[in-house]
Number of protein chains: 2
Amino acid sequence: MASIPTSTRAWIVANYPKGLATFTTSDDKNATFKLVERPLPALGPEQVLVKTLFLSNDPAQRVSIESSISPERLYRPPVELNAAMGSSGLGEVIASTASSLPQGTIVFAPLDWTEYAVLDAASCQPRNPLPNGLSLTHYLGAFGGPGLTAYYGLVVVGEAQRGMRVVVSGAAGATGSMVVQIAKNIVGCSQVIGIAGTDDKCRWVESLGADICLNYRSATFEEDLVKATDGFVDLYFDNVGGHILDLMLARLKRNGVSVACGSISAYNSQEPTVLKNYFQVITMRLSIRGFIVLDYLAKAKETLEIFVRAVQDGKLKISNDNEQVVATKFEDVPRTWLRLFEGANTGKLVTKLI
Amino acid sequence: MASIPTSTRAWIVANYPKGLATFTTSDDKNATFKLVERPLPALGPEQVLVKTLFLSNDPAQRVSIESSISPERLYRPPVELNAAMGSSGLGEVIASTASSLPQGTIVFAPLDWTEYAVLDAASCQPRNPLPNGLSLTHYLGAFGGPGLTAYYGLVVVGEAQRGMRVVVSGAAGATGSMVVQIAKNIVGCSQVIGIAGTDDKCRWVESLGADICLNYRSATFEEDLVKATDGFVDLYFDNVGGHILDLMLARLKRNGVSVACGSISAYNSQEPTVLKNYFQVITMRLSIRGFIVLDYLAKAKETLEIFVRAVQDGKLKISNDNEQVVATKFEDVPRTWLRLFEGANTGKLVTKLI
């Protein structure tokens, strides 16, 4: 039996960033993230020592290091300075005092950016193999937070119905790529229009079932959007906020809904959201509905069963294309996470620790 | 019997304004409104000739001469160039071919800015005296569009409940002053916080039942608002949009609602709505709900009966203080209307033609 580690490397939050986060493995005093070595506590009763295998990368993690928003206005506490950066992921139990989670169990857990962690067994959920030979990492994407976010945002918050016309931004992202498929193949929307940041992403989104996907970096994007939404649309699933939200306020039908899921355009910026079309919220009786998936998890098990059946019926295309697993040395954990904000990922971005 | 007029003076829309509207009684080519004389058509069957007595002044009229919004995105067609400016008001039937509306009847009608109008009798509603000796002009305010807007916005759109904490902007306006009273005395909200533009207006709003009213022109307004909304509020009834909306996004409780009723701060401006706090729509699961009172008029009669009972029970304070009736020569109709945008009125602003 390998010796049990008594310390771990950890990426801590040394400073809250003003714009894009930075990181250092040496002693840059201004960097957001700093690599350090930290002691691990001894295992208490009903605890496990987990070795991190995969880390989830989520745009919303940026919010937990945003100092311009008062902590009481966030949906979870911000990461404290000098604490390890928060995340979640899949790990292997390498030591345990909990009979429910013996050594060798693979768990989904609130793993921070550390190589090892001592956690309460109650906070860890064992994960069984997925159908169709899908990698366990899909528990971080289609069968995890992003998939559930897509489902509840679309079906519960947005009240999507068969026959509706839907626009989804961030359509090639972990959540957006699920919104496209759920809208088209589970809800039965009549038209699904994606918005993404490269032509390649757009073609991929169309391969998932979108009727069309528009590249917001195209010089003709605004005209393309007007044309694609001729006659106006019922629902906008907003992963990006900012300028595209503003454009969409002018493209929603009377009583249309914008589901406010994310605002990635603003996550690394001090720029406010500038809405030239806000007045159409009134004239067209629009609603903008913010939501957080955490409020809807009571039914997560049933929803994941819907997903499994949909995969088996061919209604959800979940494959290695739906995620991008980046083999990453621990020293490069922040670098991989920052790819989220470069628009570099197609589908879920997963860090595989090597 | 006086002779029947065959023409009328009319304020026509000569140009759509870029910012604040202007008006001319001579031949300024750039003015928004121009005074002209127009022939009146002969009465057809079931028509009435109405003499305008009182004109309603509503911020939303500005929208109908706004050329930057595509007409299909407005809730009623814009006023065409060279047509009389649209409004509504109270008039006296001075000639009639409709037995339902004999000469001498006082009607609420879609009166434009004209001294006389030939209208279909079906578009005119006779108005009986109000209880408690209230002037008929309250049919343009508390017992008209503004009162109904306040009620449906608060109770139906905003789902206001007994015990909630509510903030109302434009609280000294025709709609806001009704929101304050309905919230406090009909719905039973536990706290009603008004926002208005002068200390005098604030004291008046407090006399209507607001627990406190804050002057947004005060140097300490932002601090005052944070203090008054300590612990956060459930509902924001937004008559003004812009900066106050932005501040309120940071003062709503989780699952709080902003009822988007008006955006007077933007009506005469090309400036967009700038929201520094938009992200809190997501983190705090807020919703912003646009509405137009026209969608809720099926139950208007019942609602006005609620108001009449509330006046009799002392729960609604409707008096001459709730309106500002400005005796106006026809040449000055636009001038009186423009007072809306100077923040000059307390309660409903009514033009009485002299």
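Residues numbered from 1 in each chain as written. Chains lettered and ligands numbered in written order. Predicted model: local features only at pLDDT ≥ 70, side-chain atom pairs only at ≥ 80, totals over all residues. Heavy atoms only, no water.

### A few points about the UniProt feature "domain: Enoyl reductase (ER)" (unreviewed entry) in chain A
- In this structure's numbering, the residues bearing the UniProt feature "domain: Enoyl reductase (ER)" (unreviewed entry) are residues 26-351 of chain A.
- Along residues 26-351 of chain A the backbone is 23% helical and 25% strand, and the end-to-end C-alpha distance reaches 22 Å. (UniProt positions renumbered as here; feature names shortened; annotations may be inferred. Helix = DSSP H or I, 4+ residues; strand = E, 2+ residues; numbered from the N terminus.)

### Digging into empty space enclosed by the protein
Residue and element names in this part refer to chain B.
- One pass over the full model with this rule turns up four cavities of 30 Å³ or more.
- Its boundaries defined by the atoms lining it, the largest cavity holds a volume of some 60 Å³.
- Looking at the largest cavity, the residues that line it are H138, G141, A142, A174, S177, M178, N322, E323 and K348.
- Per element, the largest residue contribution to the lining of the largest cavity is three residues, and it comes from helix 2 (residues 174-187).
- Among the residues forming the lining of the largest cavity, the class breakdown is three nonpolar, four polar and two charged.
- Each of domain 1 (7-141 + 322-353) and domain 2 (145-294) contributes no fewer than three residues to the lining of the largest cavity. (1 Å grid on protein atoms, 1.4 Å probe; cavity = no way out; pocket = protein on both sides within 12 Å on 5 of 7 lines; lining within 4 Å. Points joined across faces, edges and corners; volume = space filled by probe spheres on them. Nonpolar A, V, L, I, M, F, W, Y, C, P; charged D, E, K, R; others polar. Domains from an automatic or database assignment.)

### Concerning the domain arrangement of chain A
Residue and element names in this part refer to chain A.
- Splitting chain A by domain gives domain 1 (7-141 + 322-353) and domain 2 (145-294).
- Facing 23 residues of domain 1, the contacting portion of domain 2 comprises 18 residues.
- For the domain 1 and domain 2 pair, buried surface summed over both sides reaches about 1,500 Å², with 55% attributable to carbon and sulfur atoms.
- Contact with domain 2 buries area across many residues of domain 1, yet Y75, N322 and T346 alone supply 28% of it, more than any other trio.
- Linking domain 1 with domain 2 are zero salt bridges.
- On inspection of domain 1 and its partner domain 2, the count reaches four residue pairs in polar contact (both at pLDDT 80 or more).
- Split into classes, the residues belonging to the side of domain 1 that touches domain 2 amount to ten nonpolar, seven polar and six charged. (Contact = heavy atoms within 4.5 Å. Buried area = accessible area lost by both parts, 1.4 Å probe. Salt bridge = Lys/Arg side-chain N within 4 Å of Asp/Glu carboxyl O. Polar contact = N/O pair within 3.5 Å; in protein donor to acceptor, adjacent residues only side chain to side chain.)

### Topic: the interface of chain B and chain A
- Taken together, the contact pairs 40 residues of chain B with 40 residues of chain A.
- Interface of chain B and chain A: buried area, both sides summed, is about 3,300 Å²; carbon and sulfur atoms make up 61% of it.
- Area buried by chain B at its contact with chain A is led by B:R73, B:Y278 and B:R285, which between them contribute 24% of it.
- If you look at where chain B meets chain A, you find two salt bridges.
- Here B:D295 makes a salt bridge to A:R285, at a shortest N to O gap of 2.7 Å.
- The tally of links between chain B and chain A comes to 17 residue pairs in polar contact (both at pLDDT 80 or more).
- Broken down by secondary-structure element, the contributors of at least two residues to the side of chain B that touches chain A are helix 5 (242-249), strand 13 (252-260), strand 14 (273-275), helix 6 (279-283) and strand 15 (287-290) of chain B.
- It is helix 6 of chain B that provides the largest number of residues to the side of chain B that touches chain A, a total of five residues.
- Residue composition of the side of chain B that touches chain A, by class: 24 nonpolar, seven polar and nine charged.

### Quick word on helix 3 (residues 199-207) of chain B
All names here are of chain B.
- Of all the positions in helix 3, only K201, C202, W204 and V205 are classed as buried. Within helix 3, the buried residues cover an arc of 160° as seen down the axis, which keeps them to one side.
- On the buried face of helix 3, the contacting elements are helix 2, strand 10 (191-196) and strand 11 (212-215).
- Directly after helix 3, the chain includes G209, whose backbone phi takes a positive value near 130°. (Buried < 20%, exposed > 50% of the residue type's maximum accessible area, 1.4 Å probe, protein only. Arc of directions from axis to C-beta.)

### Thoughts on the pairing of strand 1 (residues 7-13) of chain B
Residues and elements named next belong to chain B.
- By the criterion of burial, strand 1 is predominantly enclosed, with five of the seven residues buried.
- As judged from the seven bridges shared by strand 1 and strand 3 (residues 33-39), these two strands associate in the antiparallel manner. Paired with S7 across the two strands is P39, which belongs to strand 3. (Pairing = 2+ DSSP bridges.)

### Comments concerning the side chain of B:R251
- Assignment of secondary structure puts B:R251 in the loop between helix 5 and strand 13.
- Each residue touching B:R251, except ones within four places of it in the same chain, is listed here: A:R73, B:L225, B:V226, B:T229, B:D230, B:F232 and B:V233.

### Notes on the environment of B:G163
- Mapping B:G163 onto the fold places it in the loop between helix 1 (145-157) and strand 9 (165-168).
- Note: C-alpha distance between B:G163 and B:D112 (51 residues apart in sequence) is 42 Å.

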